[in-house]
Amino acid sequence: MEGQLKVSAVQVSVQDGNIDVNMANVERMAMKIAENEKGVDLILFHEACLESGTPHEKFDEAVTERVVEFWKKIAAKTGSNILAGRLERRDGKIYNKATVFSPDGRILADYAKIHLYNSERDTIEPGDKLSIFELNGMKIGIMICADFGFPELSRKYATAGVDVLAVSSSWAYPDDDLWEICNRARSSENGIYVVSCDRTGPTSKGLVKVGRSMVCDPDGFILANLVEKTDTYYVQTIYKSEVDKRHQTMKWLEWIRPELYPNL
């Protein structure tokens with residue numbers, strides 16, 4: 001329906017280095033949504049959802065193609081647009097991406113992570129472009145994990161007219177409080193929705209992911225939060241009218257002075 005979106009995010013159990021198991025778990029959860037919920041416009045899955053823990057030397061272009069075809073299949077089977085965190089090997093380089101697959105086989109948006117985290121900086125090629133797509137008259141901008149900690153990026157999206165930030169992540173403890181702060185701050189300071197999907201549970205490297213996939217409204221209030229649960233999802237309807245109303249009462253996007261900032 002024009003001016004509103006029904007969004008979902010899945011906290012799915014995954015095994016590092018086991019793409020086959022991860023595909024089975026993702027498909028099971030995606031079909032659970034398709035069978036039990038009606039009219040979901042967009043389903044989010046976390047950063048590098050299928051490929052986490054796969055050694056980069058084993059991650060070639062054939063694996064990339066297999067992963068892309070899998071996500072296309074999931075979009076077709078569910079009838080929903082899928083925003084999938086994934087890795088991509090191309091021309092000898094690896095990118096950390098979030099890609100939106102439509103049920104009819106199109107790619108609506110393809111974003112490469114701009115702000116790389118820790119060891120990613122040694123192996124991943126950074127992106128350099130915003131990625132905005134539109135569903136039901138609402139503009140959606142994509143970010144991945146560490147991007148969330150850079151308010152410059154979310155402000156750039158907001159001034160480009162997005163109504164929603166869609167964030168695919170694999171955020172770990174002990175920065176659990178920072179994760180919630182970023183969700184609430186990026187929404188409230190820009191007067192837009194934030195819908196996020198984060199991995200939950202332990203990894204093979206000893207990290208524990210925070211989960212807490214959530215929806216924050218344009219005032220920064222949390223409308224949905226999956227806490228640390230596994231194999232679960234939320235469904236939340238969001239409205240462009242709420243974004244417009246927030247912009248009428250909180251005019252920070254009108255009051256910014258970018259011409260001054262380089263000289264401060």
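Worth saying up front: this structure is predicted, and the values here are computed from it rather than measured.

Caption draft 1: Geometry of the overall build of the protein chain. Along the backbone of the protein chain there are seven helices and 14 strands. Whereas a compact globule of 264 residues would reach a radius of gyration of roughly 18 Å, the protein chain reaches 17 Å, a difference of no more than 12%. The principal-axis extents of the C-alpha atoms in the protein chain amount to approximately 50 × 45 × 35 Å. Taken across its 264 residues, the protein chain has 53% of its residues classed as buried. Sequence separation of 24 or more characterises 67% of the internal contacts of the protein chain that already satisfy a separation of 6 or more. Only carbon and sulfur atoms are counted for the fraction: they give 50% of the accessible area of the protein chain, which is about 11,900 Å².

Caption draft 2: The environment of Ile74, seen in detail. Inspection of the secondary structure assignment puts Ile74 in helix α2 (residues 61-78). Under the relative-accessibility criterion, Ile74 is labelled buried at 0%. In sequence terms Ile74 and Ala30 are 44 residues apart; their C-alpha atoms lie 7.2 Å from each other. For Ile74, the contacting residues outside a window of four places in its chain are Glu27, Ala30 and Ile82.

Caption draft 3: Representation of unusual backbone geometry within the structure. The step from Tyr173 to Pro174 runs through a cis peptide bond, and the omega angle for that step is 10°. Take Pro174: it is sitting in the loop between β8 (164-169) and α5 (176-190). Despite not being glycine, Arg212 shows a phi value in the positive range, around 55°. Topologically, Arg212 is positioned in the loop between β11 (208-210) and β12 (214-216). Residue Arg212 is classed as buried on the basis of its relative accessible area, which comes to 14%. You will see that Asp231, though not glycine, has its phi angle at about 50°, which is positive.

Caption draft 4: Representation of the layout of surface pockets within the structure. Quantified by volume, the largest pocket comes out at close to 930 Å³. Looking at the lining of the largest pocket residue by residue, the classes come out as 14 nonpolar, 12 polar and nine charged. Here the second largest pocket is characterised by a volume of approximately 180 Å³. In terms of lining, the second largest pocket is formed by 13 residues, of which the most central are Lys97, Ala112, Gly127, Asp128 and Lys129. Secondary structure elements with two or more residues in the lining of the second largest pocket: β4 (93-101) and β5 (107-112).

Caption draft 5: Here's a closer look at the sheet that holds strand β7 (residues 138-144). With respect to topology, six strands assemble into an open sheet ordered β6-β7-β8-β9-β12-β13, the strand pairing being mixed. With one partner strand each, in any of the chains shown, β6 (132-135) and β13 (222-225) form the two edges of the open sheet. Pairs of neighbouring strands in the sheet enclose a mean axial angle of 20°, with direction left out of account. Across two bridges, strand β9 (residues 193-198) lies against β12 in antiparallel orientation. Opposite Val194, over in β12, you have Cys216 as the bridge partner.

Caption draft 6: Main features of the side chain of Asp147. Looking at the secondary structure, you find Asp147 in the loop between β7 and α4 (151-159). The side chain of Asp147 sits in the buried core without any salt bridge; Lys113 is the nearest counter-charge, 6.6 Å away. In terms of polar contacts, Asp147 uses its side chain to reach the backbone amide nitrogen of Ile114, at 3.5 Å. Reaching out from Asp147, the side chain makes a polar contact with the side chain of His115 at a distance of 2.8 Å. In contact with Asp147, not counting residues within four places along its chain, are Tyr111, Lys113, Ile114, His115 and Leu153.

Caption draft 7: Examining the packing of aromatic side chains more closely. Counted by the stated rule, this structure contains five aromatic pairs. With a centroid separation of 5.2 Å and 50° between ring planes, the pair formed by Phe45 and Trp71 is classed as tilted. You can see Phe45 sitting in strand β2 (residues 42-45) and its partner Trp71 sitting in helix α2, a full 26 residues away along the chain. We note that Phe45, like Trp71, is buried. Put simply, the rings of Phe45, Phe70 and Trp71 pair up and form one aromatic cluster. Residue placement shows Arg90 over the ring face of Tyr95; its charged tip is 4.6 Å from the ring centre. Here the guanidinium or amino end of Lys97 rests over the ring plane of Tyr95, the centre of that ring lying 5.9 Å away.

Parameters and conventions
Residues numbered from 1 in each chain as written. Predicted model: local features only at pLDDT ≥ 70, side-chain atom pairs only at ≥ 80, totals over all residues. Heavy atoms only, no water. Helix = DSSP H or I, 4+ residues; strand = E, 2+ residues; numbered from the N terminus. Rg over C-alpha atoms; globule rule 2.2 N^0.38 Å. Buried < 20%, exposed > 50% of the residue type's maximum accessible area, 1.4 Å probe, protein only. Contact = heavy atoms within 4.5 Å. Areas by Shrake-Rupley, 256 points an atom, 1.4 Å probe, with all protein chains shown as cover. 1 Å grid on protein atoms, 1.4 Å probe; cavity = no way out; pocket = protein on both sides within 12 Å on 5 of 7 lines; lining within 4 Å. Points joined across faces, edges and corners; volume = space filled by probe spheres on them. Nonpolar A, V, L, I, M, F, W, Y, C, P; charged D, E, K, R; others polar. Pairing = 2+ DSSP bridges. Axes fitted to C-alpha atoms, helices over the stretch in contact; angles between N-to-C directions. Lys, Arg positive; Asp, Glu negative; His and termini not counted. Salt bridge = Lys/Arg side-chain N within 4 Å of Asp/Glu carboxyl O. Polar contact = N/O pair within 3.5 Å; in protein donor to acceptor, adjacent residues only side chain to side chain. Phe/Tyr/Trp six-rings, centres within 6.5 Å; stacked < 30°, edge-to-face > 60°. Lys NZ or Arg CZ within 6 Å of the ring centre and 35° of its normal.

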